[in-house]
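Chains, contacts and geometry: an overview
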Amino acid sequence: MSASRSQVAAPNHPLARIAAIRPDEASQYLQFMLTDWSNYTEAREFSVLSPRNWRLADLGARHELLIGGNGWGNMPRHAVEADIAAGRLHVLKLPEGSSVDYGLHALWRKDRLPGLATTWLMDAFETAF
């Protein structure tokens, strides 16, 4: 399961002008990424497709840089929907895809087994994913 997001660039960006983007073609261009300062993701990278990347701690700054045509990157769909509709951003159809799989783990206390609802939910997640 992944949150709805889009790989986008400004309409004047070279990737936005390519009808069929080849595998690894995005790696030639600057990718904007959101920096996560937490220890949970230390030494892990998600959706990094370009060795040329800027890591930004502010989603708004990344948004503005994308609209300015300075690079490409993943953005939450709700944050760029209006820009896509207005033509300020173009959705990229990269062959690498746009989803990231995140591990889902269930934890419970050793002295108490999960109840019926929790057991049902864990089974449902296991079946779905």
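First things first, this report covers the structure right here in the doc. (Residues numbered from 1 in each chain as written. Predicted model: local features only at pLDDT ≥ 70, side-chain atom pairs only at ≥ 80, totals over all residues. Heavy atoms only, no water.)

**Brief notes about the overall build of the chain**
Scanning the chain from N- to C-terminus turns up three helices and five strands. Each helix (α) and strand (β) of the chain, taken in turn from the N terminus, gives the series β-β-β-α-β-α-β-α. Burial statistics for the chain: of 129 residues in total, 26% are counted as buried. With the model as given, the accessible surface of the chain reaches about 9000 Å², and the carbon-plus-sulfur share is 55%. (Helix = DSSP H or I, 4+ residues; strand = E, 2+ residues; numbered from the N terminus. Buried < 20%, exposed > 50% of the residue type's maximum accessible area, 1.4 Å probe, protein only. Areas by Shrake-Rupley, 256 points an atom, 1.4 Å probe, with all protein chains shown as cover.)

**What about the pairing of strand β1 (residues 5–9)?**
Remark: a regular strand shows side chains that alternate across the two faces of the sheet. Burial within β1 is extensive, with four of its five residues counted as buried. Across two bridges, the pairing between β1 and strand β5 (residues 90–91) is antiparallel. Bridged to Val 8 within β5 is Val 91. (Pairing = 2+ DSSP bridges.)

**As for the sheet that holds strand β3 (residues 53–56)**
Paired through backbone hydrogen bonds, the strands of a sheet run either parallel or antiparallel to each other. The strand order across the open sheet formed by five strands is β3-β2-β4-β1-β5, and the pairing between neighbours is mixed. Pairing within the sheet leaves two strands with one partner each, and these edge strands are β3 and β5. Contacts from helix α1 (residues 59–67) reach β1, β2 (31–34), β3 and β4 (72–76), with the element oriented near 130 degrees to β4. Each of β1, β4 and β5 touches helix α2 (residues 77–86); the most contacted strand, β4, lies at about 115 degrees to it. (Contact = heavy atoms within 4.5 Å. Axes fitted to C-alpha atoms, helices over the stretch in contact; angles between N-to-C directions.)

**Quick notes on the side chain of Glu 25**
As for its position among the elements, Glu 25 is in the loop between β1 and β2. Judged by relative accessible area, which is 7%, Glu 25 ranks as buried.

**Quick look at α1**
Within α1 the residues assigned to the buried category are Arg 62, His 63 and Leu 66. Down the axis of α1, the sector holding all buried residues measures 100 degrees, keeping them to one side. A side-chain oxygen of the first residue of α1 lies 3.0 Å from the backbone nitrogen of Gly 60; this N-cap is Asp 58. One or two residues past the end of α1 sits Gly 69, with phi positive at roughly 80 degrees. (Arc of directions from axis to C-beta. Polar contact = N/O pair within 3.5 Å; in protein donor to acceptor, adjacent residues only side chain to side chain.)

**Notes on the pairing of β2**
As paired elements, β2 and β3 share four bridges and run parallel to each other. Within β3, the position partnered with Leu 34 by the bridge is Leu 56. Two strands pair when backbone bridges link them, and β2 and β4 are joined in this way by two bridges, in the parallel orientation. Directly across from Phe 32, in β4, lies its bridge partner Gly 73.

**Regarding the environment of Arg 88**
Among the structural elements, Arg 88 can be located in the loop between α2 and β5. With a relative accessible area of 39%, Arg 88 lands in the partly exposed category. Residues Arg 88 and Gly 69 lie 19 residues apart in sequence; the distance between their C-alpha atoms is 9.4 Å. Setting aside residues no more than four positions away along its own chain, Arg 88 makes contact with Ala 10, Pro 11, Ile 67, Ala 82 and Asp 83.

Such coordinate-based values are descriptive only and should not be taken to indicate function.
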